[in-house]
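Okay, here's what each chain looks like letter by letter:
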Amino acid sequence: MTKADFIRNNRGIDDGKDLPEEYLGALYHQIVKNEIKMKADSSVPQSKQENSFNKLLGLDGILNLVTGKQTEEKALGANGLLIKDIQEQFKAKSGKSESVYHSVTDVAILRFMVEVCWGPMLAAFSVTLDQSDDRLATSQCLHGFRYAIHVTALMGMQTQRDAFVTSMAKFTYLHNAADMRQKNVDAVKAIITIAIEDGNHLQEEWEHILTCLSRIEHLQLLGEGAPTDATFFSGSNNELDDKSPRPIGFASLKKKGTIQNPAVMAVVRGGSYDSTSIGINTSGLVSPEQINNFISNLNLLDQIGNFELNHVFAHSQSLNSEAIVAFVKSLCKVSMSELQSPTDPRVFSLTKIVEIAHYNMNRIRLVWSRIWNVLSDFFVSVGLSENLSVAIFVMDSLRQLAMKFLEREELANYNFQNEFLRPFVIVMQKSSSTEIRELIVRCISQMVLSRVKNVKSGWKSVFMVFTTAAADERKNIVLLAFETMEKIVREYFPYITETEALTFTDCVKCLLTFTNSRFNSDVSLNAIAFLRFCAVKLAEGGLVYNKNSKVDGSSIPNANEGASTVEDFNDKDDHTSFWVPLLTGLSKLTNDPRSTIRKGSLEVLFNILKDHGHLFSNLFWTAVFNSVIFPIFKGASDKKDTDMNNGQSSPVSMSPRPEGSTWDSETSAVATDCLIDLFVNFFDVVRSQLPSVISILTGLIRSPVQGPATAGVGALVRLSSEVGSRFSEDEWNTVFLGLKEAATSAVPGFLKVLRTMDNINVPGLSDSYSDIDMSSDQGYSNEDLEDDNLQTASYMVLRVKSHVAMQLLILQVAADLYKIHLETFSAANMSVLLEVFSLVASHAHELNSETILQKKLEKVCSILELTAPPIVHFENESYKNFLNFLQNSLVDNPSLSKKMNIEAKLVAVCEGILQIYLKCTELQSSEQKPVLHWILPLGTAKKEELATRTFLAVSALQALSGLEKASFRRHVSQLFPLLVDLVKSEHTSGEVQHVLSNIFQSCIGPIIME
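From a predicted model like this one, the values you see are computed outputs, not experimental measurements.

Conventions and cut-offs
Residues numbered from 1 in each chain as written. Predicted model: local features only at pLDDT ≥ 70, side-chain atom pairs only at ≥ 80, totals over all residues. Heavy atoms only, no water. Helix = DSSP H or I, 4+ residues; strand = E, 2+ residues; numbered from the N terminus. Buried < 20%, exposed > 50% of the residue type's maximum accessible area, 1.4 Å probe, protein only. Contact = heavy atoms within 4.5 Å. Areas by Shrake-Rupley, 256 points an atom, 1.4 Å probe, with all protein chains shown as cover. Phe/Tyr/Trp six-rings, centres within 6.5 Å; stacked < 30°, edge-to-face > 60°. Axes fitted to C-alpha atoms, helices over the stretch in contact; angles between N-to-C directions. Parallel < 35°, antiparallel > 145°, perpendicular 65-115°, else oblique. Nonpolar A, V, L, I, M, F, W, Y, C, P; charged D, E, K, R; others polar. Core = buried A, V, L, I, M, F, W, Y, C linked by side-chain atoms within 4.5 Å. Salt bridge = Lys/Arg side-chain N within 4 Å of Asp/Glu carboxyl O. Expected span 1.5 Å × (residues − 1). Patch = residues over 30% accessible without salt bridge, like charges linked within 9 Å, V, L, I, M, F, W, Y side chains within 5 Å. Lys, Arg positive; Asp, Glu negative; His and termini not counted. Charge placed at Lys NZ, Arg CZ, Asp CG, Glu CD. Disulfide = S-S within 2.5 Å. Left-handed = near helix turned anticlockwise from the far one by under 90°. pLDDT = per-residue confidence, 0-100.

A closer look at the overall build of the protein
What the protein contains, in helices and strands, is 44 helices and 0 strands. Within the protein, the proportion of its 1010 residues that are buried is 47%. Sequence separation of 24 or more characterises 73% of the internal contacts of the protein that already satisfy a separation of 6 or more. Carbon and sulfur atoms provide 52% of the accessible area of the protein, an area that totals close to 49,500 Å².

Right, dumping it as structure tokens:
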């Protein structure tokens, strides 16, 4: 080709344009000088010997294509020439100096190579190791396994790593020791080497390696002839222990090859790799030859010493944070498999858990917490095992570990000890085994008393264990726990709150639980005494300090869960929250069914408040009254009225003294005395609580039970006498209104209950009651009444008696309070007291007018041989008190009496008394009958009633005779008919005629004479 042709052929090749002619000309001359052509074949003929391996894999054809090797000598045809040309091109390219080789620095590229070839590699190593006994070949295979595990672990190739580790673990043949050879022992050595060198990357594969180590130890133990761990766990293997001979050593095995020792037989027989224990199938016998093979194979294991095994566990402290957690998880799984083995439970891994926990205690907080979370779950799970021996061994192992941990001093603001002791708490709460619970109490006691100076955050778990023990059903556990608790409180109390003040609350809750112990009242009483000791320590520590009794309403943490009233506690000092569980706990204890505990808790509670109340602010005192003091009396008084006001007639539901629901007289007296002492001592601070205190006392007064009512009366009188001089008019009014409420609130419920007698038919009682003399006994017995009616009637008698006594007590209190408050008595208070006396007197008269009911009760009392309810006495006393009050008012405070028109009220009361007396003489009722020419004498019952009313009539007549002449003159027109009737009436005593004579002579006579 000419130069012009070359330029013409290359036109338009530069994106439609022509290249410069100078450039194309130079290129043409270069090509002419250096012609482009194929190099000559310079290859040397190669040997015709075929490579069977290449032939086997089908690679010979490809290699021949590249190298130009011919399998047969043939003449080169067209295809041959083409192939030869291709070969020459390959050679030309490979021979150029421009070829560059790059070294790979990123090992990640190795991952792709392994993903392609790991399968053939695993097959090659496995087949060779399984089928070959050549030491060199097996050694190379084991090296291949090691390197493959190293690469796959380092690359994070989990599937490939698991495959290599699992295969290698199976090649140890530890699960079938009778068939072990030297190559299997070498595999064990390789496994240990892998654990040391690649432990940081094994993750879940630690389980296979630790399983191998466990089986090695088991085989060595059998080889030494030592007893197996199963002999110590006889709880689930009694039959095996009874029938099994003691393990035998090498010498015995060699001499007595036919002796079928169960442990040896199980191992010789072997099992699958995945079985939880070696030789789980113990059926069948083994031959002496198998035992001899087993013995010789055990000799091979002598190549692996205890140092190699222990080195793996000691090396755990060199693992990184992720690896140690994976290591602990796998070790716990292996240990669980060992302990749960039905035939051969072992503790090898359990002892190693204690060791590795000790080795790794110095790790940073975050890593150690992750480790302990795993171990904690493990100890709890095994501690609740049904196999008692296993559970005891695990708890003892935990104790050893905890003792080592408590030797270390805990840093401030750390919570490691509490986490460490938490498994004891969980097992204590959930275990149904008495032995385990007792062991835990002993372990905690030993640890605390021996390491008390080092216990910091662990106090919380310690008290939780003792709290659970305090509520235990076994007396020995309760006493054992309290013995330690007593020593802690007495001798080591400063250590409890040394690090964290909140542990004081845990201590208080624990003591409160001991107070509820039903086994020994001494434990309960001592626990109450310790609560007072805790209060003293709390006050001495200055946790509650009230400088100016100022509050800002800031919220205090709720220190007593489950008590809604604790929300009332608000104070400036957050430390006041520590008083809350102490005070509320004692408050609840005052309703304990045991009298000694009720009394003791009341005294301790109020002594604490009395001794340390000066530390409390006004707001805190309000919370104390609302959440601590008032609930005590609410449970003792209000509940009594609930059953009485519900209108039910069931004598069971209306029982005046249901067990455990009310206080006895002694408890009521102690409670009210303590309340008044406290209120008097801190009157200036707690003055605002007077209405609530009065409400408590009046609630006790209206109690249907005599004891609380008497205690309430005495307390109210004492309160008024000691601080009444400091009461304001409004406060006195609060007292009197409380009395009024006590007198009136019980009446509707009482009358409603009383109506149940309408449905009871009493034998021997006719419809005409005027002709019946109830003093006669007609011979009726309790068999004449049905059992239900008899019980109801008996209850009603008691109910009426208690109601009458309560109403009279209220009048007595009103009279006593009037004397105390005499100098500063106001019209408003006078009005309230007048209502009290008037209401009670009216109620008494109404009750006495229930003739049918009254005679039913009298008949029932006659049948049951009971004293009749003092209904007439109630009416007489109520009017007598009313009359005395009016007379005293006229004398003591004339101006106020004149303003309140007391004189007219006095005359009206006297008139009512005389009418009641005349009605009893039946004179007024006779006016409605036809006039008779003779008067029938009164019956025996009427005479007795008239005799009881005589003193009241005499008092009324004396009160009238004491009026001034002008006053008597104003009322003589309404009194004269009554006086005349008295003259015509029959009297049982001469006193009435004597006083009546004086009235006519000194009062009416002068009026007539004028």
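Moving on from the model shown.
Brief notes about unusual backbone geometry
Positive phi, normally seen in glycine, also occurs at Tyr 173, with a value near 60°. Summarising the element assignment, Tyr 173 is placed in the loop between helix H8 (158–170) and helix H9 (182–197). Here Tyr 173 falls in the partly exposed class, since its relative accessible area comes to 26%.

Considerations on the packing of aromatic side chains
Here the distance between the centres and the angle between the planes together describe a pair of aromatic rings. Following the criterion strictly, the structure yields 36 aromatic pairs and no others. Measuring from ring centre to ring centre gives 6.0 Å for Phe 145 and Phe 164, while their planes differ by 80°; the resulting arrangement is edge-to-face. Placement of the pair is Phe 145 in helix H7 (residues 135–154) and Phe 164 in helix H8, with a sequence separation of 19 residues. Both residues of the pair, Phe 145 and Phe 164, count as buried.

Thoughts on the packing of helix H6 (residues 109–131) against H8
Running from amino to carboxyl end, H6 crosses H8 at an angle of 5°, the nearest separation of the two axes being 11 Å. By the angle between their directions, the pair H6 and H8 is classed as roughly parallel. Contacts from Glu 115, Trp 118, Leu 122, Phe 125 and Ser 126 in H6 reach Gln 160, Ala 163, Phe 164 and Ser 167 in H8. For the contact of H6 with H8, a count of residues per class yields 5 nonpolar, 3 polar and 1 charged.

So, the nonpolar core
Formed by 258 residues in total, the largest nonpolar core has its most connected members in Phe 379, Phe 424, Phe 466, Phe 514, Trp 579, Ile 629 and Leu 719. If you tally residues by element for this core, the top one is helix H35 (residues 787–820), at 15 residues. In this structure, Phe 466 is in contact with Val 441, Ile 444, Ser 445, Ala 481, Thr 484, Met 485, Ile 488, Cys 510 and Phe 514, ignoring residues within four places of it in sequence.

Side note on the environment of Leu 619
One can find Leu 619 in helix H29 (residues 618–645). On a C-alpha basis, the gap between Leu 619 and Val 685 in space is 9.6 Å, while along the polypeptide they are 66 residues apart.

Considering the pattern of salt bridges
Summed over the entire model, instances satisfying the criterion amount to 30 salt bridges. Residue Arg 161 pairs with Glu 204 through a salt bridge whose shortest N-O separation is 3.6 Å. Separated by 43 residues along the polypeptide, Arg 161 in helix H8 and Glu 204 in the loop between H9 and helix H10 (206–224) bring together distant segments of the chain. Taking relative accessible area as the criterion, Glu 204 reaches 46% and is therefore assigned partly exposed. Salt-bridge contacts for Glu 731 lead to Arg 687; the nearest nitrogen and oxygen are separated by 2.7 Å. On the criterion of sequence distance, the pair formed by Glu 731 in helix H34 (residues 729–754) and Arg 687 in the loop between helix H31 (683–686) and helix H32 (690–701) is long-range, its members being 44 residues apart.

Some remarks on the side chain of Ser 214
Position of Ser 214 relative to the elements: it lies in helix H10. Every residue in contact with Ser 214, bar those within four places of it in the chain, is listed here: Val 334, Glu 338, Arg 346, Phe 348 and Ser 349.

A short note on H10
Here H10 is 19 residues long and its end C-alpha atoms lie 27 Å apart, about the 27 Å a rise of 1.5 Å per residue gives. Buried residues dominate H10, accounting for 17 of its 19 residues.

Thoughts on the side chain of Glu 731
On the basis of relative accessible area, Glu 731 is assigned to the buried category, the value being 12%. Excluding residues that lie within four positions of it along the chain, Glu 731 makes contacts with Arg 687, Leu 690 and Arg 726.

Examining a negative patch on the surface
Taken together, the side chains of Asp 14, Asp 15, Asp 18, Glu 21 and Glu 22 make up a negatively charged region of the molecular surface. Examined against the element boundaries, Asp 15 turns out to sit in the loop between helix H1 (3–9) and helix H2 (21–33).

Description of the environment of Ile 371
Topologically, Ile 371 is positioned in helix H18 (residues 365–383). Between the C-alpha atoms of Ile 371 and Ile 324, which are 47 residues apart in sequence, the distance is 7.6 Å. Apart from the residues lying within four places of it in its own chain, the contact partners of Ile 371 are Ile 324, Val 325, Val 328, Asn 360 and Arg 363.

Examining the state of the cysteines
In a disulfide, the sulfur atoms of two cysteines are held together by a covalent bond. With the rule as written, the count across this model stands at 0 disulfides. Not engaged in a disulfide, the cysteine Cys 510 finds its nearest cysteine sulfur in Cys 507; these two sulfurs lie 6.8 Å apart. Given a relative accessible area of 0%, Cys 510 falls into the buried group.

Thoughts on a nonpolar patch on the surface
On the surface, Val 104, Ile 109, Leu 110, Phe 112 and Met 113 cluster together into a nonpolar patch covering about 490 Å² of accessible area. Take Ile 109: it is sitting in helix H6.

Regarding the packing of helix H38 (residues 871–892) against helix H40 (residues 902–920)
Axis separation between H38 and H40 bottoms out at 10 Å; the angle between their running directions is 155°. Considered as vectors, H38 and H40 are oriented roughly antiparallel to each other. Note that H38 runs across H40; the crossing there is left-handed. Contacts between H38 and H40 involve Glu 875, Tyr 879, Phe 882, Leu 883, Leu 886, Gln 887, Ser 889 and Leu 890 from the first element and Ile 902, Glu 903, Lys 905, Leu 906, Val 909, Cys 910, Ile 913 and Ile 916 from the second.

A short note on the environment of Lys 740
Structurally, Lys 740 is set in helix H34. Between the C-alpha atoms of Lys 740 and Ala 814, which are 74 residues apart in sequence, the distance is 9.2 Å.

Points about helix H33 (residues 706–723)
Compared with the 26 Å implied by 1.5 Å per residue over 18 residues, the 26 Å span of H33 between its first and last C-alpha is a close match. Among all positions of H33, only Gly 707, Pro 708, Ala 709, Ala 711, Gly 712, Val 713, Ala 715, Leu 716, Leu 719, Ser 720 and Val 723 are buried.

Considering the confidence of the model for the protein
Fine structural detail should not be taken from predicted coordinates in areas where pLDDT scores are low. When pLDDT is averaged across the protein, the result is 76; 74% of the residues are at 70 or more. Long-range and interchain partners of residues 276–282, a stretch whose pLDDT sits below 50, account for 16 contacts in this model, where long-range means more than four residues apart.

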